[in-house]
Amino acid sequence: MFMDHRSALFLLVGLMSSTGAAQQTTLPRADPFADPKHDPHNILKYIASDTLAGIALALVLLVAITQTWFIKKWGAKWMMSMTIGAYCFAIGFAARFGLHAQPDSLMIYMIQQTFIILSPCAFIAADYVLLGRLARYLLGVDADKYLLVPSRRLTVVYVVSDVVTFLIQALPLPTHSPSMAKLGSHIFLVGLIAQAVSFVSFCLLYLVFLYRVRKYAPKTWSMDESKVWYNSWLALASALIVSCIGILIRSGYRVVELTQGFQGQLATSEPLFYGLDSLPLFIAIAVYIPFWPGRFIAPTTQRSETGEEILLTNVDGHVYSKLQKGASSFGR
């Protein structure tokens, strides 16, 4: 019976569904701090660390606030989903303070898991948008020649995929019986796997794009070679690769965690949670701090296949310069 109760609780987290199944338990309440590993009311099976939660909260909030400032300074409002997701991610870590004080609280656990599990969908969406923007910035109307999916459709296709997998993971299901709890667990796993498969295909598409640009558009590939490395578009392209790797690590962790079961090593280990979930996701969003896309991609800059900038406008749409290939774009 405990395993069914545990399954229902894990599914409810992030899915914001009914708490009725958890309320059916008749087990007596003991000291929640005495033996958390064997406490039937402690969903995590450990006492959440205030220190780790505080560090995670501070770092994620720092990234969110910095990105907010960068959006105002350099633009790239199309990255706002990542910034909003970072604030939501921070809420999840803040909830872990409550779990430290009340480790057997189902409501706090649900809040924590909801924000921590679903926030990465916003990070993924931002990476999807970035590739389309980067392709059009580098190659203008020629971008589609180097992408497996047309640049404008790319964003729509993958963002829709992200929304669908998000809804699958957030789907509330009745948990009044063990069979329904198990079904809900399987549906949640399907959502995670579908999201992972979609993102893997995106990563492959991105690698193909970089390969084609380097092989078939060498002038575009090397157009920023006269600049210091952190002002080159290749620095931003590398940042996107790092972000993708972080998200892939987290996706793999969550899929294996759910496959192992709700009392498996991954699901009941706080060090593994921070090492394979929180840290990779933090890197995935923090990598854009030194390489904020708005610093590289002006609001409506177009380039020809040779790498020449043919139009540059400010945030108001006013054309204020036309730059030739090799001209510096830092700080725009």
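All values reported here derive from a predicted model rather than from experimental measurement.

## A look at the overall build of the protein
Broken down by element type, the protein carries eleven helices and three strands. Counted from the first residue to the last, the protein has its helices and strands arranged as α-α-α-α-α-α-α-α-α-α-α-β-β-β. Burial statistics for the protein: of 332 residues in total, 54% are counted as buried. For the protein, the share of sequence-separated contacts (at least 6 apart) that also reach a separation of at least 24 residues comes to 74%. Here the protein has roughly 14,800 Å² of accessible surface; of this, 68% comes from carbon and sulfur atoms.

## Considerations on the nonpolar core
With 68 residues, the main nonpolar core has Met79, Phe93, Leu134, Phe202, Phe209 and Tyr288 as its most contacted residues. Residue contributions to this core peak at twelve residues, all from helix 5 (residues 120-139). Those residues in contact with phenylalanine 202 that lie beyond four places of it in its chain are Asp127, Tyr128, Leu131, Leu154, Tyr158 and Cys244. Within the second largest apolar cluster, ten residues are counted, among which are Ile43, Tyr46, Leu106 and Met110.

## Observations regarding helix 2 (residues 50-74)
When the terminal C-alpha atoms of helix 2 are compared, their 35 Å separation across 25 residues agrees well with the 36 Å that a helix rising 1.5 Å per residue should span. Within helix 2, the full set of buried residues consists of Ala53, Ala56, Leu57, Val60, Val63, Ala64, Thr66, Gln67, Phe70, Ile71 and Trp74. Those residues of helix 2 that are buried are in contact with helix 3 (80-101), helix 10 (270-286) and helix 11 (293-296). In this structure serine 49 caps helix 2, since a side-chain oxygen of it lies 3.3 Å from the backbone nitrogen of threonine 51. Phi for glycine 75, located one or two positions after helix 2, is positive at around 90°.

## Observations concerning helix 4 (residues 106-118)
Over its 13 residues, helix 4 extends 18 Å from the first C-alpha to the last, a length consistent with the 18 Å expected when each residue adds 1.5 Å. Among the 13 residues of helix 4, ten are classified as buried, and the element is accordingly described as predominantly covered. Within helix 4 the residues assigned to the buried category are Leu106, Ile108, Tyr109, Met110, Gln112, Gln113, Thr114, Ile116, Ile117 and Leu118. A side-chain oxygen of the first residue of helix 4 lies 3.3 Å from the backbone nitrogen of isoleucine 108; this N-cap is serine 105.

## Section: a nonpolar patch on the surface
Together, Val200, Leu204, Leu207 and Leu248 line one region of the surface with nonpolar side chains, adding up to about 330 Å² of accessible area. When residues in the nonpolar patch are grouped by element, the largest group, three residues, is from helix 7 (residues 178-216).

## Describing the packing of helix 3 against helix 4
Running from N to C, helix 3 and helix 4 point in directions that differ by 155°, and their axes come no closer than 7 Å. The orientation of helix 3 relative to helix 4 falls into the category roughly antiparallel. Here the hand of the crossing between helix 3 and helix 4 comes out left-handed. Two secondary-structure elements touch here, helix 3 through Cys88, Phe89, Ile91, Gly92, Phe93, Ala95, Arg96, Gly98 and Leu99 and helix 4 through Ile108, Tyr109, Ile111, Gln112, Phe115 and Ile116. Of the residues belonging to the contact of helix 3 with helix 4, the class tally is eleven nonpolar, three polar and one charged.

## A word on the packing of aromatic side chains
According to the stated counting rule, one finds 16 aromatic pairs in the structure shown. Residues phenylalanine 70 and tryptophan 292 carry aromatic rings whose centres are separated by 6.1 Å and whose planes lie at 55° to one another, so their mutual orientation is tilted. Highlighted residues: phenylalanine 70 in helix 2 and tryptophan 292 in the loop between helix 10 and helix 11, separated in sequence by 222 residues. Relative to tyrosine 230, the ring of tryptophan 229 has its centre 5.6 Å away and its plane inclined at 85°; by these criteria the two rings are edge-to-face.

## As for the state of the cysteines
The tally for this structure, following the rule as stated, stands at zero disulfides. Unpaired in this structure, cysteine 203 has its nearest cysteine sulfur neighbour in cysteine 244, at a distance of 3.9 Å. Cysteine 244 sits in the buried class, given a relative accessible area of 4%.

## Remarks on the confidence of the model for the protein
Taken as a whole, the protein shows an average pLDDT of 82; of its residues, 77% reach a score of 70 or greater. Long-range and interchain partners of residues 1-26, a stretch whose pLDDT sits below 50, account for 68 contacts in this model, where long-range means more than four residues apart.

## What about the environment of isoleucine 245?
With respect to the helices and strands, isoleucine 245 occurs in helix 9 (residues 233-260). When its relative accessible area of 45% is taken as the criterion, isoleucine 245 is described as partly exposed.

## A few points about the packing of helix 4 against helix 5
The description of two packed helices rests on the angle between their axes and on the distance between the axes. Interaxial distance between helix 4 and helix 5 falls to 5 Å at its minimum, and their mutual angle equals 15°. One element, helix 4, and the other, helix 5, form an angle in the roughly parallel class. Residue-level inspection shows Ile116, Ile117 and Leu118 of helix 4 in contact with helix 5, the latter providing Pro120, Cys121 and Ala122. Its residues placed into classes, the contact of helix 4 with helix 5 shows six nonpolar, no polar and no charged.

## Remarks on unusual backbone geometry
At lysine 45, a residue that is not glycine, the phi angle is positive and equals roughly 70°. Within the fold, lysine 45 resides in the loop between helix 1 (2-12) and helix 2. Residue class for lysine 45 comes out buried when judged on its relative accessible area of 7%. Residue alanine 76 is not a glycine yet carries a positive backbone phi of 70°. Assignment of secondary structure puts alanine 76 in the loop between helix 2 and helix 3.

Criteria and thresholds
Residues numbered from 1 in each chain as written. Predicted model: local features only at pLDDT ≥ 70, side-chain atom pairs only at ≥ 80, totals over all residues. Heavy atoms only, no water. Helix = DSSP H or I, 4+ residues; strand = E, 2+ residues; numbered from the N terminus. Buried < 20%, exposed > 50% of the residue type's maximum accessible area, 1.4 Å probe, protein only. Contact = heavy atoms within 4.5 Å. Areas by Shrake-Rupley, 256 points an atom, 1.4 Å probe, with all protein chains shown as cover. Core = buried A, V, L, I, M, F, W, Y, C linked by side-chain atoms within 4.5 Å. Expected span 1.5 Å × (residues − 1). Polar contact = N/O pair within 3.5 Å; in protein donor to acceptor, adjacent residues only side chain to side chain. Patch = residues over 30% accessible without salt bridge, like charges linked within 9 Å, V, L, I, M, F, W, Y side chains within 5 Å. Salt bridge = Lys/Arg side-chain N within 4 Å of Asp/Glu carboxyl O. Axes fitted to C-alpha atoms, helices over the stretch in contact; angles between N-to-C directions. Parallel < 35°, antiparallel > 145°, perpendicular 65-115°, else oblique. Left-handed = near helix turned anticlockwise from the far one by under 90°. Nonpolar A, V, L, I, M, F, W, Y, C, P; charged D, E, K, R; others polar. Phe/Tyr/Trp six-rings, centres within 6.5 Å; stacked < 30°, edge-to-face > 60°. Disulfide = S-S within 2.5 Å. pLDDT = per-residue confidence, 0-100.

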